[in-house]
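Fold and contact review
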Protein chains: 4
Amino acid sequence: MRRLLASAVLAVVFATAGLRADTHRFVPTQFYNTYSFAHPPALRVKPGDRVITTTLDASGADKDGTQKAQGPNPQTGPFYVEGAEPGDLLVVRIEKIETNRATAYSGSLLAPYSVDPASIATRQDKDPKRVTWQIDKAAGIARLEDPDVRPAFTLPLKPMLGCVGVAPARKEAITTPTPGAFGGNMDYAGLTAGVTVMLPVNEPGALLFIGDGHARQGEGEVVGTGLETSMDVEFTVELIKKKPAAWPRMETATHLMVLGSARPLIEALQHATSEMLRWLVADHGFSERGASVFMGQALEYDIANVVDPNFTVVAKVPKVLLPRR
Amino acid sequence: MRRLLASAVLAVVFATAGLRADTHRFVPTQFYNTYSFAHPPALRVKPGDRVITTTLDASGADKDGTQKAQGPNPQTGPFYVEGAEPGDLLVVRIEKIETNRATAYSGSLLAPYSVDPASIATRQDKDPKRVTWQIDKAAGIARLEDPDVRPAFTLPLKPMLGCVGVAPARKEAITTPTPGAFGGNMDYAGLTAGVTVMLPVNEPGALLFIGDGHARQGEGEVVGTGLETSMDVEFTVELIKKKPAAWPRMETATHLMVLGSARPLIEALQHATSEMLRWLVADHGFSERGASVFMGQALEYDIANVVDPNFTVVAKVPKVLLPRR
Amino acid sequence: MRRLLASAVLAVVFATAGLRADTHRFVPTQFYNTYSFAHPPALRVKPGDRVITTTLDASGADKDGTQKAQGPNPQTGPFYVEGAEPGDLLVVRIEKIETNRATAYSGSLLAPYSVDPASIATRQDKDPKRVTWQIDKAAGIARLEDPDVRPAFTLPLKPMLGCVGVAPARKEAITTPTPGAFGGNMDYAGLTAGVTVMLPVNEPGALLFIGDGHARQGEGEVVGTGLETSMDVEFTVELIKKKPAAWPRMETATHLMVLGSARPLIEALQHATSEMLRWLVADHGFSERGASVFMGQALEYDIANVVDPNFTVVAKVPKVLLPRR
Amino acid sequence: MRRLLASAVLAVVFATAGLRADTHRFVPTQFYNTYSFAHPPALRVKPGDRVITTTLDASGADKDGTQKAQGPNPQTGPFYVEGAEPGDLLVVRIEKIETNRATAYSGSLLAPYSVDPASIATRQDKDPKRVTWQIDKAAGIARLEDPDVRPAFTLPLKPMLGCVGVAPARKEAITTPTPGAFGGNMDYAGLTAGVTVMLPVNEPGALLFIGDGHARQGEGEVVGTGLETSMDVEFTVELIKKKPAAWPRMETATHLMVLGSARPLIEALQHATSEMLRWLVADHGFSERGASVFMGQALEYDIANVVDPNFTVVAKVPKVLLPRR
């Protein structure tokens, strides 16, 4: 919260003024496989509140490896945010994402849309086995030793959530492998502890869902998974009233970001770019032409995933390049 | 050369052993608007040689603002590399790219494929004027002050070449706004001084062309241009014999990269990813499944451009993540 | 029913044996804007039954022009088909689609994805007015006379339903502008009286919805609408037990068809083509290679729409070209 | 010529007035694998002239099965049309396309972009053998009997040319598997005897190339080939001066057509649709809005190919639907 208010970029008046923030320790018992207005709230929270909870891995297993729900991507939540109404912007600050068990699994073959179609056959006729990684949290690494994978190697942990979403607009119910304007399974490696996620509110209470933790993930998620594992998660929620947004936004210490999701890939990019233009014009002092010229020479992109029912592209502006105001 | 040989990654035997490297100061007088086998060599160089030369801006103007050739993207070259034959890999180390005049120009409206089609109209009915930037080389910045752009702002210089290419395969002649397997107008902001570009050789002598310098460019090149200006350029050439590559590769201090170019955007990504897989298997000790698993959790992508006749996506592997061998 | 059983192509045993078919005159009073398992059945019918009913136009107006429901594409139904279970194939024979009022409306500007992005601006800054057509049912034509449209002209009526769908799989709820594996807003000009539509059953009772009648429509639906109007509709339902299908199929007097829906357009085509291959192998005596060779020289395609959230492509095989068995 | 002038649609003044038309029997001895301004004219013809010639099959074999040139798609030509200048429209009336040998070959596996990527593997690991068809010209059929293809079957002959093209603009040289604004390998099953093909002129003399005859082809060309065989071809050429066109056009007895070629598929459609709009406005009495409304309810599309380096979509207007003028 402090860091948010200190931001010169996101100078907003929160709806939390005067309320005492609570901390909720929430142990989920029910999990969902759709983002939908129809699911009953699991917990009611106020803007400013902190939630300490856990997520299952993408297949439904918890920190003990016990199957607690059906995959794919069973969600913790929904969290009903008091006062949230359609047209508001839900602000979710991710305070902590930590692995809470010693293993993760991942795919081992490149996914169809990540490689040339003509070259798929040589791989897809192979065993699409999942491989198991050992998580050494103290050392901050994940280690893969599998007889079918040469050589053995380790990679640094970088825990993230594949899924952060709210109830979709127009009473749609969308399965949890899918990202969209409501957030959902964006599978963005940059959605780590320390970031602030902003989502458009479509239903009263917003109905926030989280899930699908990855101990690490490459851009594109080209094997169809990250290092899938269960997580301990903490986040705080805020609300910006009457602040419409067409796509999820993020703010980090260094960047403003918009996450567009669609097929084909270019449409995901178009959504992200168009929304970034609107954001720069609305909140950062640019004329439309000014924002266009600036973006032409300052924009960065990440490709979050090319494996989900919608692909996700992230348009990014380095905050250090924004003009002083 | 030294830095290349010091690389643990690119441990190759160059064809230069025993030859004395020359330095060529080449003043171009003829410029080309196609990549083609049919253009006569402008200069013959040996592997190991260094070339000191200049490039015009994308519209054909030189360091004095004098129109020297017709746009778009008139090319300096072609440089005939002695000993280069189809199936070899041409290695071009970019030693220097420096702006050599005080102005650059850029577009001022977002390009069609970078934004939602429904939102283009609001911009495209406006004057698509080019804007002029002041380059302050000493301060390392470009400054834009234009009555139609609000606010005025500055951005750091980061000089790059939009075009580095060779004669295409199968006797094609391709216009210089187009990138492809032969390189060309990839418009990648990461193609700066210090990088090593590797291109497949399709014709005897390779026929290297360079051009289209940008004082800076955002990812995607979403206004259709970088900061277009003339450049002083230095590079050295090497040759790896009998080393086929399907797409241009790059190596920097930190990354291995492959640049895939195509439409739609996903095909550019597929070309880059497929070639990275081949590279990791051929030169970095991975089995195919090992490279797949590694890429799934280690890959990064840049989106070079979404405005040229082919779009360009860069698949990147951080060298620090590669397993020790 | 008779015609279906007479088909040499669709030689199936229906689940209707021994039951007396009923005819239901169903006057809808409730309309839906999502395809969803969650809507209560409006009418229960048996395989073999006939339903005589009506549909509103896409904006929710009935045969008198009275607004009866909210747009877009409010649906009549859902019809619960007794005995239908996931894994079955619902067979809907469209017996009649007739306009029941004297006017229709259509868009008057080309939609974003139907034309080059660079050329949209010249059109989209114009008034996107809807135009009103006069329907002369006796003469079989629709006439457009509008001061903004030059010249005035008439086109033959060819009534069709934009929407025929069932409850989607995996408890998704999808808005009615969207087509998919469950059918929905495929906007195919060939979905006229006389065709047989086959849809995969995802929920008990299938839950059939219909709506969005067009007095006529061009391929692609490039102005974003057909001639939108209310309709009198008759259809019969049958059921093929344990007959999985991945995508909607159709059979006419002359063709077998599969309707694939997705973005990008090529994926819609891929879905339709892949499903046609499976159909030819499963029911028409082809080996997989035989079906491939045959499709290579015999396949036809229609482009149903390029304006909905998913685009729809129809893969077609002329029945006259099928080998005698 | 007569039929052309009788057309109410294509009421143009030809540049042929006053010249006597010649008939040229041209036996090709040199064949080309690129469309390029750089190839020397094989024959000079005047507007109004008729050419009687032959084409090799896609692999370079002639009517005796003798290898006469290297594949793919070796071209007969180029024919230099006297008086043709950039900005003119070359009119090629295809008078005859007839198979001249008893066999054709085709692919036997579905091509990568025609089917779902996940399903390719099951096919691509199989032998991609070519199969041989027997052509029974008297009976008008092609017969396939191959031990690997079940069942044996016959299909009606419908001879066509895969390639009709001119020298590309801007001095590009493009390989003969590729279609584009210059025509080329459009692989459209509707390009049969009796049609009139219209191509934009980019170079003096236009430089017309033809080749790649198919005894028959399905829409999409989903096995990557038609029934590839050598052909006897007759055509006449005309010229419409100062008649710019952005894409190839065709006129048949029943339809006006535009052939757009690009990747992705939607861009091919966009090019074809945009050019049809321009054509209807320029030559058929429509206002822009009038043409849009008309196309929305009257347009048809064919998908020519989804296997070449660019895909080709054909936008079609039935002439019977055009308003009387």
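Positions within a chain are numbered from 1, following the residues in the order the chain's sequence is written. Numbering of ligands from 1 and lettering of chains from A proceed in the order in which they are written. Per-residue local features of the predicted model are confined to residues with pLDDT of at least 70, and side-chain atom pairs are confined, for both listing and counting, to 80 or more; whole-chain, interface and lining totals are unaffected and use all residues. Excluding hydrogens and water, the side-chain figures rest on all heavy atoms present in the structure.

**Topic: the overall build of chain A**
Condition: Here a strand is any run of E in DSSP of at least two residues, a helix any run of H or I of at least four, and the numbering for each starts at the N terminus. Should any heavy atoms of two residues lie within 4.5 Å, those residues are considered in contact. For the accessible areas, the method is Shrake-Rupley and the probe is 1.4 Å, while residue cover comes only from the protein chains on display. When charges are counted, Lys and Arg are positive and Asp and Glu negative, with His and the chain ends excluded. Lysine's charge is taken at NZ, arginine's at CZ, aspartate's at CG and glutamate's at CD.
Regarding its fold elements, chain A presents 4 helices and 21 strands. When the backbone C-alpha atoms are referred to their principal axes, chain A occupies close to 55 × 45 × 40 Å. Within chain A, contacts between residues separated by at least 24 positions form 74% of all contacts whose residues are at least 6 apart in sequence. Surface exposure of chain A reaches about 10800 Å², of which carbon and sulfur atoms provide 53%. Here chain A holds 34 positive side-chain charges and 35 negative ones, and the gap between their average locations is 5 Å.

**Quick word on the interface of chain C and chain A**
Let me state the cut-off plainly: When a carboxyl oxygen of Asp or Glu is within 4 Å of a side-chain nitrogen of Lys or Arg, the pair counts as a salt bridge. Polar contacts, as counted here, are pairs of nitrogen or oxygen atoms within 3.5 Å of one another; within protein the pair requires one atom able to donate a hydrogen and one able to accept it, and residues that are adjacent in sequence qualify only if both atoms are side-chain atoms. By the convention adopted, Pro, Cys, Tyr, Trp, Phe, Met, Ile, Leu, Val and Ala count as nonpolar, Lys, Arg, Asp and Glu as charged, and the other residues, Gly among them, as polar.
Listed as interface residues are 12 residues of chain C and, on the opposing side, 12 residues of chain A. Seen at the junction of chain C and chain A, the total is 2 salt bridges. In this structure, the connection of chain C to chain A is made through 9 residue pairs in polar contact (both at pLDDT 80 or more). If you list the elements that add at least two residues to the side of chain C that touches chain A, you get β12 (174–175) and α3 (265–283) of chain C. Split by residue class, the side of chain C that touches chain A holds 4 nonpolar, 3 polar and 5 charged.

**A look at helix α4 (residues 288–298) of chain B**
What counts here: Relative accessibility decides the category of a residue: with a 1.4 Å probe and only protein chains considered, values under 20% of the type maximum give buried, values over 50% give exposed, and everything between is partly exposed.
Along α4(B), 10 of the 11 residues are buried, which leaves the element largely enclosed by surrounding structure. Among the residues of α4(B), R289(B), G290(B), A291(B), S292(B), V293(B), F294(B), M295(B), G296(B), Q297(B) and A298(B) are the ones counted as buried.

**Quick word on the relation of the copies chain C and chain A**
Basically, it comes down to this: Alignment of copies: least-squares fit on C-alpha atoms of residues with pLDDT of at least 70 in both copies.
For the pair chain C and chain A, the relating rotation is 180°, the translation along its axis is 0.0 Å, and the fit reaches an RMSD of 0.0 Å. Put plainly, the chains are arranged around a two-fold axis. It is A173(C) whose C-alpha, among those of chain C, lies nearest the rotation axis, at 2.2 Å. Counting the interface residues of chain C, we find that 100% of their copies in chain A are interface residues as well, pointing to one common contact surface.

**Side note on the sheet that holds strand β9 (residues 141–144) of chain A**
Strand pairing in a sheet relies on backbone hydrogen bonds. The paired strands run either parallel or antiparallel. Residues and elements named next belong to chain A. What counts, and what does not: One requirement defines pairing of two strands: DSSP has to find at least two bridges between them. Only the contacting stretch of a helix is used when fitting its axis, a line to C-alpha atoms as for every element, and angles between N-to-C directions run 0 to 180 degrees.
The strand order β7-β8-β9-β10 describes an open sheet built from 4 strands, whose pairing is antiparallel. The open sheet has two edge strands with one neighbour each: β7 (103–106) and β10 (153–156). The sheet shows a mean angle of 30° between the axes of neighbouring strands, taken without regard to direction. Relative to strand β8 (residues 131–136), β7 is paired through 4 bridges, and the arrangement is antiparallel. The partner of Y105 across the bridge, within β8, is T132.

**A closer look at the side chain of T196(B)**
Residue placement: T196(B) occurs in strand β15 (residues 196–200). Polar contacts involving the side chain of T196(B) include one to the side chain of R93(B), which spans 3.1 Å.

**Digging into the relation of the copies chain B and chain A**
Rotating chain B by 180° and translating it 0.0 Å along the rotation axis places it on chain A, where the RMSD comes to 0.0 Å. Comparing interface residues between copies, 100% of those in chain B also lie at the interface in chain A; the contact surface is shared.

**Side note on the interface of chain B and chain A**
Basically, it comes down to this: In short, buried area is how much 1.4 Å probe accessible area vanishes from two parts on joining, totalled over both.
At the junction of the two partners, chain B supplies 69 residues and chain A supplies 69 residues. Overall, the association of chain B and chain A removes approximately 5400 Å² of surface from exposure, summing both partners, and the carbon and sulfur fraction of that is 59%. Summed over the three residues of chain B that lose the most area to chain A, namely R289(B), V293(B) and Q297(B), the buried surface amounts to 16% of that side. The interface formed by chain B and chain A contains 0 salt bridges. The interface formed by chain B and chain A includes 24 residue pairs in polar contact (both at pLDDT 80 or more). Elements supplying a minimum of two residues to the side of chain B that touches chain A: α2 (121–124), β8 (131–136), β10 (153–156), α3 (265–283), α4, β20 (300–305) and β21 (311–318) of chain B.

**Considerations on the confidence of the model for chain A**
As a general rule, the predicted coordinates of low-pLDDT regions are not to be interpreted in detail. Residues and elements named next belong to chain A. Stated precisely, the cut-off is as follows: Per-residue confidence from the predictor is reported as pLDDT, which spans 0 to 100.
For chain A, mean pLDDT is 93; residues scoring 70 or higher make up 92% of the total. Segment residues 1–16 is flagged for pLDDT under 50; beyond a separation of four residues in sequence, or across chains, it makes 30 contacts in the model. Model confidence for the complex: the whole-complex pTM is 0.95, and ipTM, which rates the interface, is 0.94.

**Quick word on the environment of V131(C)**
You can see V131(C) is positioned in strand β8 (residues 131–136). Along the sequence, V131(C) and A104(C) sit 27 residues apart, while their C-alpha atoms lie 8.5 Å from each other. Not counting the four nearest positions on each side in its chain, V131(C) is found in contact with A104(C), Y105(C), S106(C), G107(C), S108(C), L144(C), D146(C), V149(C) and V293(D).

**Things to note about the domain arrangement of chain A**
Residues and elements named next belong to chain A. Here is the rule: Throughout, the edges of the domains are those of an automatic or database domain assignment.
Along its sequence, chain A is carved into domain 1 (9–101 + 159–246), domain 2 (103–156) and domain 3 (251–321). One C-alpha centre belongs to domain 1, the other to domain 2, and the line joining them spans 27 Å. Between domain 1 and domain 2, the residue contacts involve 16 residues of the former and 17 residues of the latter. A combined buried area of about 1300 Å² lies between domain 1 and domain 2, and 58% of that area is made up of carbon and sulfur atoms. Viewed at the interface, domain 2 and domain 1 are joined by 1 salt bridge.

**Considering the packing of helix α3 (residues 265–283) of chain A against α3(B)**
The condition is simple: By the definition adopted for this analysis, an angle is roughly parallel if under 35 degrees, roughly antiparallel if over 145, roughly perpendicular if from 65 to 115, and oblique otherwise.
Viewed as axis vectors pointing N to C, α3(A) and α3(B) meet at an angle of 115°, and their least axial separation amounts to 7 Å. Judged on the interaxial angle alone, α3(B) and α3(A) are roughly perpendicular. Contacts between α3(A) and α3(B) involve L265(A), I266(A) and L269(A) on the former and, on the latter, L265(B), I266(B) and L269(B). Across the contact of α3(A) with α3(B), the residue classes break down as 6 nonpolar, no polar and no charged.

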